[in-house]
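# Structure at a glance
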Amino acid sequence: MRVDQLDLLGLGHRMGDVAGDVEQDVIGRERARSFESIEESRCALEEPLEGRAVDHQPPASRTIRCSTRAATSRRYSAVERTSSIGASSPASVVDLWAIEALRGIAIDGDALTLGALTTYTDVRRSALCREHVPALVEAAATIGAAQIQNRGTLGGNIANASPAGDTLPVLLAADAVIVVGSERGERDVPAAEFWTGYRQTALAHDELIVRIRLPLAAEREMRFRKVGTRRAQAISKVVIAVAWQGDGSWRDVRVALGSVAATPVRAAATEAALEDRRPTPETADAAAETLAGELAPIDDVRSTAEYRRLVAARVLHRIVRDAGGW
Ligand SMILES: Cc1cc2nc3c(=O)[nH]c(=O)nc-3n(C[C@H](O)[C@H](O)[C@H](O)COP(=O)(O)OP(=O)(O)OC[C@H]3O[C@@H](n4cnc5c(N)ncnc54)[C@H](O)[C@@H]3O)c2cc1C
């Protein structure tokens, strides 16, 4: 559904300037009161879109929150203060949670569409996702724990723009289109163009992510692997999604990775090394070697660059081997 086709009937209002609605935390600092309940706060998509556009506020003074970042804002405050995405104590907050128009998983023509507020639990429970993008279901299952999966959204994962966002390589490998909207209308941003720098996106400050469109491809195979410190509740050290078409030689190969660069990335040289090749031992060796040479990860608290490079190459090798059945 397009922004300009939304039904406004029966929808109340929820987009408040919370600057005057404060309480004190345990050490006496003022903070915004918790959000009102969902029942009280149904609203239409136009309200936040218009609100953001009319106010012309820079991102630092107006932020959008669905859930997980708000719930952990104390822990994330340092990150948010230094990021271009939002301030930890914004002048106003737009709560998207009650906007039904941002929900829903459906087939729309030749694509699977997922509303920006689709949670990881929604993805895991969706028969359509299991049928058309099982790799996204796998990715959703690796994120946080049940609480995060119930409240964290795909739109939030995308806009958060963390290079370690676990769904992002899947979206890149699936040639996803991020549909963003503002008062000016909607526009499509290919996932490959969405993350423009470290925690930076192609979103203008008056735009929201409205939905994600995943082109359907009947013959597409995709594999997802996440490597973290533990099997659950871990931020990725390396996350990889590999997609291809055809059960003999591989066509339209996509190799997308997270946690190995400032943004989620596609590995173009590795894709070329796999294109039109069968998944043989020689292909796996060549692709893994190419990937190890192509990546330029960083050292950080979670991992060394060398570890990331080697693990990414080994995981890709394993994916090709499993696909080849040898
Ligand atoms: C304990 C914990 C564990 C986690 N584990 C993982 C993990 O394993 N893997 C992983 O990838 N992430 C993880 N996360 C990060 C986070 O939960 C996810 O990125 C989640 O998808 C964020 O979605 P959200 O709806 O909560 O967004 P929020 O946290 O509310 O928002 C994140 C950012 O996106 C913006 N935003 C949100 N929705 C929109 C929209 N529709 N349009 C425009 N901007 C928008 C907000 O303004 C904000 O800047 C974890 C977080 C916590 C607290």
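In what follows, the structure referred to is the one given above.
Notes on the structure in this doc start here. (Residues numbered from 1 in each chain as written. Predicted model: local features only at pLDDT ≥ 70, side-chain atom pairs only at ≥ 80, totals over all residues.)

## Quick word on the sheet that holds strand E6 (residues 111-115)
Rule in force here: For two strands to be treated as a pair, DSSP must find no fewer than two bridges joining them. Here a strand is any run of E in DSSP of at least two residues, a helix any run of H or I of at least four, and the numbering for each starts at the N terminus. Lines are fitted to the C-alpha atoms to define the axes, a helix being fitted only along its stretch in contact, and any angle between axes, read from their N-to-C directions, falls within 0 to 180 degrees.
Strand order in the open sheet made by the 5 strands is E5-E6-E11-E7-E8, with antiparallel pairing throughout. Each edge of the sheet is formed by a strand with only one pairing partner; in this case those strands are strand E5 (105-108) and strand E8 (185-190). Strand-to-strand twist across the sheet, computed as the mean angle between neighbouring axes with direction ignored, equals 25°. The pairing of E5 with E6 spans 4 bridges and is classified as antiparallel. Paired with Asp108 across the strands is Ala111, a residue of E6.

## Some remarks on the nonpolar core
Generally speaking, soluble globular proteins have nonpolar side chains that are buried together. Operational definition: In this usage, the nonpolar core is the set of buried Ala, Val, Leu, Ile, Met, Phe, Trp, Tyr and Cys residues whose C-beta atoms join them within 7 Å. Whether a residue is buried, exposed or partly exposed follows from its count of other C-beta atoms within 10 Å of its own C-beta, namely 20 or more, 12 or fewer, or something in between, respectively; the C-beta atoms are built from the backbone. The domain boundaries here were taken from an automatic or database domain assignment. A pair of residues counts as a contact when their C-beta atoms, built from backbone coordinates, are separated by no more than 7 Å.
Residues Ile178, Ala241, Val242, Ala312 and Leu316 are the most contacted members of the largest nonpolar core, which totals 76 residues. Residue assignment places this core across two domains, with domain 2 (103-215) and domain 3 (221-324) each supplying three or more. If sequence neighbours within four positions are ignored, Val242 has contacts with Ala173, Met222, Arg223, Arg254, Val255, Leu316 and Ile319.

## So, the sheet that holds strand E15 (residues 265-266)
Reading across the sheet, the 4 strands line up as E12-E13-E14-E15 and stay open at both edges, with antiparallel pairing between neighbours. Of all the strands in the sheet, just strand E12 (220-227) and E15 have a single pairing partner and so form its edges. Of the strand pairs in this sheet, E12 and strand E13 (residues 238-245) are connected by 8 bridges, and their pairing is antiparallel. Residue Glu221 lies in a different strand from E13, and its bridge partner there is Trp244. Contacts between helix H12 (residues 305-324) and the sheet are confined to E12, E13 and strand E14 (251-258), with E13 contributing the most and set at about 30° to the helix.

## Side note on the environment of Pro190
Take Pro190: it is sitting in strand E8. Spatially, the C-alpha atom of Pro190 lies 9.9 Å from that of Ala202, the residues being 12 residues apart in sequence.

## Considering the packing of helix H11 (residues 281-294) against H12
Note the following rule: Working definition: roughly parallel below 35 degrees, roughly antiparallel above 145 degrees, roughly perpendicular at 65 to 115 degrees, and oblique for all remaining angles. Each crossing gets its handedness from the near helix: less than a right angle anticlockwise from the far helix is left-handed, clockwise is right-handed. Throughout, the ten residues Ala, Val, Leu, Ile, Met, Phe, Trp, Tyr, Cys and Pro are labelled nonpolar, Asp, Glu, Lys and Arg are labelled charged, and all others, Gly among them, are labelled polar.
Where H11 meets H12, the closest approach of the two axes is 8 Å, and the angle between their N-to-C directions is 155°. The pairing of H11 with H12 is recorded here as roughly antiparallel in orientation. Relative to H12, the crossing made by H11 is right-handed. Contacts from Thr283, Ala284, Ala287, Ala288, Leu291 and Ala292 of H11 reach H12 at Arg309, Leu310, Ala312, Ala313, Arg314, Leu316, His317, Val320 and Arg321. Here the residues of the contact of H11 with H12 are counted per class, giving 10 nonpolar, 2 polar and 3 charged.

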